[in-house]
Amino acid sequence: MPHVAETPDDLLGRLGRSAHVDGDRLVVDDAKAFRGEVIRDLAWTASFAEEGPTVDIARWLIHEAAQALGARTASIHELYMARARGEVHGFTVPALNLRAQVFDMARTVYETAASADVGAVILELARSEQTYTFQRPIDYATAVLAGAVAAGWEGPVFIQGDHYQFNAKKYSEDPEGTTEEIRRACRLAIEAGYRNIDIDSSTLVDLSKPTVDEEQRENYVRAAELTALIRSLESDGVTISVGGEIGEVGKKTSTEEELRAYLDGYRRELDARAPGAPGLSKVSVQTGTSHGGVPLPDGTVAEVKLDFEVLRRLGEVAREYGLAGAVQHGASTLPDELFHRFPAVETAEIHLATGFQNALFEHPAFPVDLLREMESWCFGNAADERKEGQTDEQFIYTTRKKAIGPFKRQLWDLPTKEDILAAQRRKIAFLFTELGVNGSKEMVEGYVHPVEIHRPLPDAFRGAGASR
């Protein structure tokens, strides 16, 4: 069982001879030892110790170890610009939303990636997921980097803020206040090391307007405004990858006219705010899917008719505008036999979340008692989310993600997790193959050059006598 340190001295003692602090830098003396129990203890301490000096030191050690061992956060922007120019093609980048067991899942992703020479993979968390998984950007980035270090990963670590989304009702009541919430979310993400952010103002599209441009106006104005903000926050010479969205997932299928209106308006607005600044690297479109799938009365997921022709054509239009192409959301619950079709129509990126969550909760090795406890928590704490006519199975399927935060420690400490992670590994390897990213590491490293970034030594180090 990993050790959660309670004091700075306790934490620093866990380093043993694997590393030491020299001035304001971490020196890793024994990489093998550090990648074993040491990094696990640091990850558990960062996640579960009481907020304060010990957690600050754990986060710093993880971040600095990632710099020293070559697992540095990066932007996928330049690879996507190469795709826009036609220099690379024929693959679809998987963006994996890790909600639970983030350290072990990140380790599993990077171990699987290394075994197939994969470089094109993104790990992400949606803004809404931060709340119910108990993971702020700094928590998520720390756990991902720790997992990458544990996996022995050396290469770009693409961490993405997914669906930095506007709440349409709140926006109608307070546009400026709602926008400020997204601005703050962007600042916190970049500060935590995210170098990829997807702005989702598609919820502001108003189909009652008389023209397509007017329908998309609030969408592209706010997306441009936030892009300008993000560009102003770039301090390390790295162009952050910014994604946009034209159709809210689960709603009306996107059209070429909508995409052109959005991209034309977006460029005008961005140039007015930040002339010549790099714009979007990709754009999400709606093709018939929904987040998490549509649960049937027995708790299974309904089959979805996904329009690949929309993905193909809108991807072509996006590349006309200098973007990598179209992005597909809500894909993880699709049938396995569909995934090879995404690279066939040059889909730039797909987002995968609920499928991995389902694989955790529905695995035979998941403790039945814990599952029942989590379901009971949902009935007691998420009853207000129950829709009229839902069966118990449908209700649990749609709300069990809300129990991930309250049961975070139990999920990280699962005694049977290695069996579950083995199944996740097989699924990840399958997706890498079907999406055409096996062997992509050399291609990625040809365009993406992560910057080594160091953070100030925490004040708590001084009192702990850490410089030794």
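Please refer to the structure placed before this passage.
Now for a description of the structure that goes with this document. In this text, all values refer to a predicted model and were calculated from it rather than measured experimentally.

The phi torsion of most residues other than glycine is negative, and most of the peptide bonds are trans. One non-glycine residue with positive phi stands out, namely D117, at about 60 degrees. Structurally, D117 can be placed in the loop between α5 (102-115) and β5 (122-126). The phi dihedral of F134 falls on the positive side, at around 60 degrees, and the residue is not glycine. Within the secondary structure, F134 sits in the loop between α6 (127-133) and α7 (137-150).

This paragraph deals with the packing of helix α2 (residues 31-48) against α7. Put simply, α2 and α7 touch, their axes get as near as 9 Å, and they point 170 degrees apart. By the angle between their directions, the pair α2 and α7 is classed as roughly antiparallel. On α7, the residues that touch F34, R35, I39, A43 and A46 of α2 are T142, A146, A148, V149 and A150. Counted by class, the contact of α2 with α7 contains eight nonpolar, one polar and one charged residues.

Residue alternation in strand β9 (residues 282-285) divides its side chains into two sets, K282 and S284 and V283 and V285, and both sets are buried. Bridge count between strand β8 (residues 241-245) and β9: three bridges; the pairing is parallel. In the sheet register, E245 faces β9, and the bridge partner there is S284. Two elements, β9 and strand β10 (residues 326-328), share three bridges in a ladder whose sense is parallel. Bridge pairing links V283 to A326 in β10.

What counts, and where the lines are drawn
Residues numbered from 1 in each chain as written. Predicted model: local features only at pLDDT ≥ 70, side-chain atom pairs only at ≥ 80, totals over all residues. Heavy atoms only, no water. Helix = DSSP H or I, 4+ residues; strand = E, 2+ residues; numbered from the N terminus. Axes fitted to C-alpha atoms, helices over the stretch in contact; angles between N-to-C directions. Parallel < 35°, antiparallel > 145°, perpendicular 65-115°, else oblique. Contact = heavy atoms within 4.5 Å. Nonpolar A, V, L, I, M, F, W, Y, C, P; charged D, E, K, R; others polar. Buried < 20%, exposed > 50% of the residue type's maximum accessible area, 1.4 Å probe, protein only. Pairing = 2+ DSSP bridges.

Fair warning: the whole summary comes from geometry, so function is off the table for now.
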